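Listed below, chain by chain, are the residues.
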Amino acid sequence: MVKADGICITSQEQLAALLAAEEDLYEGYQFQELDFHDCVSVRPKTEFSHCSFYKCKLTDIRLEHCFFVDTVFEKCDFSNSLAGFCSLQRVTFQSCKMLGADWSDGVFRNVRFIDTMARYSNFTHSKFEDTLFSQCDLTEAVLEQCALKRFRLQECMLQGTIFFRTILKNIDLSTCNIARIRVGLGDLKGAVIEANQVFDLAALLEVKIK
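Residues numbered from 1 in each chain as written. Predicted model: local features only at pLDDT ≥ 70, side-chain atom pairs only at ≥ 80, totals over all residues. Heavy atoms only, no water.

### A closer look at the nonpolar core
Selection criterion: Put simply, a nonpolar core is a bunch of buried Ala, Val, Leu, Ile, Met, Phe, Trp, Tyr and Cys residues held in one set by side-chain atoms that sit within 4.5 Å of each other. Partly exposed describes any residue whose relative accessible area lies between the buried limit of under 20% and the exposed limit of over 50%, with all areas from a 1.4 Å probe on protein chains only and scaled to the type maximum. What counts as a helix is a DSSP run of H or I of at least four residues, what counts as a strand is a run of E of at least two, and both are numbered from the N terminus. A contact between two residues is defined here by any heavy atoms of the two lying within 4.5 Å.
One finds Phe-31, Phe-36, Phe-93, Trp-103, Phe-123, Phe-133 and Leu-153 to be the most contacted residues of the largest nonpolar core, which totals 59 residues. Contributions of two or more residues to this core are made by helix H1 (12-20), strand S7 (67-74), strand S8 (87-94), strand S9 (107-114), strand S10 (127-134) and strand S11 (147-154). Setting aside anything within four residues of it in sequence, one finds Phe-31 in contact with Ile-9, Leu-15, Leu-18, Phe-36, Phe-48, Cys-51, Ser-52, Phe-53, Tyr-54 and Cys-56.

This is the structure we're talking about:
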């Protein structure tokens, strides 16, 4: 376990030395403008607690089975990263990019995704509790067979987003773009939409609107 009490890591050399220690817990670090791609992977079951990541590149790396607690990611890039089976609690993603990232089989509790581009990302089999997506682009993302508890979507792009076998009862979609949304009719039952969004669901309902 390494406690940093707010130590700022700003160079690749510092980052390499820190991760080479292969500690189970990194607590209180501030990572700024670093490229984690050079690290290739982070050891499974590593925990980052009370950390902040600012303008870091975590693209094309392996983060499976890691834990993130009380941590903030701001303007970070997770594109094409493999982050399956991760556990996140009280985590914020602010203005991040995660194009094609794999977050499948994850556990998300008290997590906020704000102004984040998550096109083609994969959240299959994940569990969400007290989680918010606000002003996010989830175009053609996959949230299949997910468990949603106190899950909110605000002003998100859900064009072509896949929700098969994810129950959307009481989920408010009224502020989102749901064109071409892919979901089973039974799973959609009880979701909240605006009247004009019925047109977006016409193909799904196999009806013609005059």
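### Quick word on the side chain of Ser-79
Relative to the elements of secondary structure, Ser-79 occurs in the loop between S7 and S8. By relative accessible area, which is 7% here, Ser-79 ends up buried. Setting aside chain neighbours within four positions, we find Ser-79 in contact with Thr-59, Asp-60, Lys-97, Met-98 and Leu-99.

### Some words on the environment of Leu-148
Here Leu-148 lies in strand S11. Separated by 34 residues in the primary sequence, Leu-148 and Ile-114 place their C-alpha atoms 18 Å from one another. Aside from chain neighbours lying at most four places away, what touches Leu-148 is Phe-128, Thr-166, Ile-167, Leu-168 and Ile-171.

### Side note on empty space enclosed by the protein
Defined as follows: Within this scheme a cavity is a closed region of a 1 Å grid, computed over the protein atoms alone, that accommodates a 1.4 Å probe without allowing it to escape, whereas a pocket is open but has protein on both sides within 12 Å along at least five of seven lines; lining residues each have an atom within 4 Å of a point. Grid points are joined across faces, edges and corners, and a volume is the space filled by probe spheres set on the points. Three residue categories are used. Nonpolar comprises Ala, Val, Leu, Ile, Met, Phe, Trp, Tyr, Cys and Pro, charged comprises Asp, Glu, Lys and Arg, and polar comprises the others, including Gly.
With the rule as written, the count across this model stands at one cavity of 30 Å³ or more. Of the pockets and cavities examined, the largest cavity occupies roughly 40 Å³. Lining of the largest cavity is provided by Phe-36, Val-42, Phe-48, Phe-53, Leu-58, Leu-63 and Phe-68. By residue class, the composition of the lining of the largest cavity is seven nonpolar, no polar and no charged.

### Considering the pattern of salt bridges
So the rule is basically this: Only one rule defines a salt bridge in this text: a Lys or Arg side-chain nitrogen within 4 Å of an Asp or Glu carboxyl oxygen.
Taken as a whole and assessed by the stated rule, the structure comprises eight salt bridges. The salt bridge involving Arg-109 is made with Glu-129; its shortest N-O contact spans 3.6 Å. Taken together, the positions of Arg-109 in strand S9 and Glu-129 in strand S10 put the pair 20 residues apart, joining distant regions of the chain. We classify Arg-109 as partly exposed; its relative accessible area is 38%. Residue classification places Glu-129 among the partly exposed positions, given a relative accessible area of 24%. Taken together, the salt bridges that share partners define one network made up of Arg-109, Glu-129, Asp-130 and Arg-150.

Function-wise, these values are silent; they only describe arrangement.
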